[in-house]
Amino acid sequence: EADIYQTPRYLVIGTGKKITLECSQTMGHDKMYWYQQDPGMELHLIHYSYGVNSTEKGDLSSESTVSRIRTEHFPLTLESARPSHTSQYLCASSAGTEVNYEQYFGPGTRLTVT
Amino acid sequence: KNQVEQSPQSLIILEGKNCTLQCNYTVSPFSNLRWYKQDTGRGPVSLTIMTFSENTKSNGRYTATLDADTKQSSLHITASQLSDSASYICVVSDRGSTLGRLYFGRGTQLTVWP
């Protein structure tokens, strides 16, 4: 079992609220990722980080923002939640060797915006 | 366009039976191919990773094959158990960047009935 944690696991919130999804890992991995996954659909990369103070946008455009102040922590923030943000958000991390690097996933946060 | 296609979309089998899941990809240049198992409401967990030079890899009752010439992979599950009920996701990594971009399939939803 990978040592990567996400909180909350489930969140139901009203439109316009600000939310932060937490992700932390205890493996000392430099690379961390946020994915968005709708039911029956593939994972889409929305943010990634190579290390502290490094953040990049992924392939899927997202209104969320991320920060990486500490190696082990990679929170995702939505300033004003909307129903279109309803989805599952998965955090992952990897040690980052090029060929066979393994991505370890957290359990996910199921977000519902009403 | 880099894509990963999986079939079937869903599959129901009886406990103890074997099954094979298929994955076709067009990702280039190819780095490696992974199979993940994703239980409902959880993050994906890696089953196997295969590079270009590997054509088969086993992990307990799971055996993955790779034909890099035809760009096809399969995941064979032997003597299925109720706990095998999950979504099985094929993921292909390219060598186009330091990040090692991952391309996700939509998964095959496997249900094992007693």
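Scroll up a little and you will see the structure.
Computed from a prediction, not measured in an experiment: that's the story for all the values here.

**Student:** Can you lay out the layout of surface pockets for me, pointing to particular residues and giving the numbers?
**Tutor:** For the largest pocket, the calculated volume is near 780 Å³. Broken down by secondary-structure element, the contributors of at least two residues to the lining of the largest pocket are strand 4 (31-37) and strand 5 (44-49) of chain A together with strand 1 (4-7), strand 10 (102-104) and strand 11 (108-113) of chain B. In the lining of the largest pocket, the residues fall into nine nonpolar, 15 polar and 10 charged.

**Student:** Can you lay out the interface of chain B and chain A for me, pointing to particular residues and giving the numbers?
**Tutor:** Opposite the 22 residues of chain B that make contact, chain A presents 25 residues. Buried area between chain B and chain A, summed over both chains or domains, comes out near 2,000 Å², and the portion from carbon and sulfur atoms is 48%. Viewed at the interface, chain A and chain B are joined by one salt bridge. In this structure, E42(A) and R106(B) form a salt bridge, with 3.0 Å as the shortest nitrogen-oxygen distance. In this assembly, chain B and chain A are joined by six residue pairs in polar contact (both at pLDDT 80 or more). Where the side of chain B that touches chain A is concerned, the elements lending two or more residues are strand 4 (30-38), strand 5 (45-51), strand 9 (86-94) and strand 10 of chain B. Examining the composition of the side of chain B that touches chain A, we find that five residues originate from one element, strand 4 of chain B, more than from any other. Within the side of chain B that touches chain A, the residues separate by chemical class into seven nonpolar, 11 polar and four charged.

The rules behind the values
Residues numbered from 1 in each chain as written. Chains lettered and ligands numbered in written order. Predicted model: local features only at pLDDT ≥ 70, side-chain atom pairs only at ≥ 80, totals over all residues. Heavy atoms only, no water. 1 Å grid on protein atoms, 1.4 Å probe; cavity = no way out; pocket = protein on both sides within 12 Å on 5 of 7 lines; lining within 4 Å. Points joined across faces, edges and corners; volume = space filled by probe spheres on them. Helix = DSSP H or I, 4+ residues; strand = E, 2+ residues; numbered from the N terminus. Nonpolar A, V, L, I, M, F, W, Y, C, P; charged D, E, K, R; others polar. Contact = heavy atoms within 4.5 Å. Buried area = accessible area lost by both parts, 1.4 Å probe. Salt bridge = Lys/Arg side-chain N within 4 Å of Asp/Glu carboxyl O. Polar contact = N/O pair within 3.5 Å; in protein donor to acceptor, adjacent residues only side chain to side chain.

Read these as layout, nothing more, since geometry by itself doesn't imply function.
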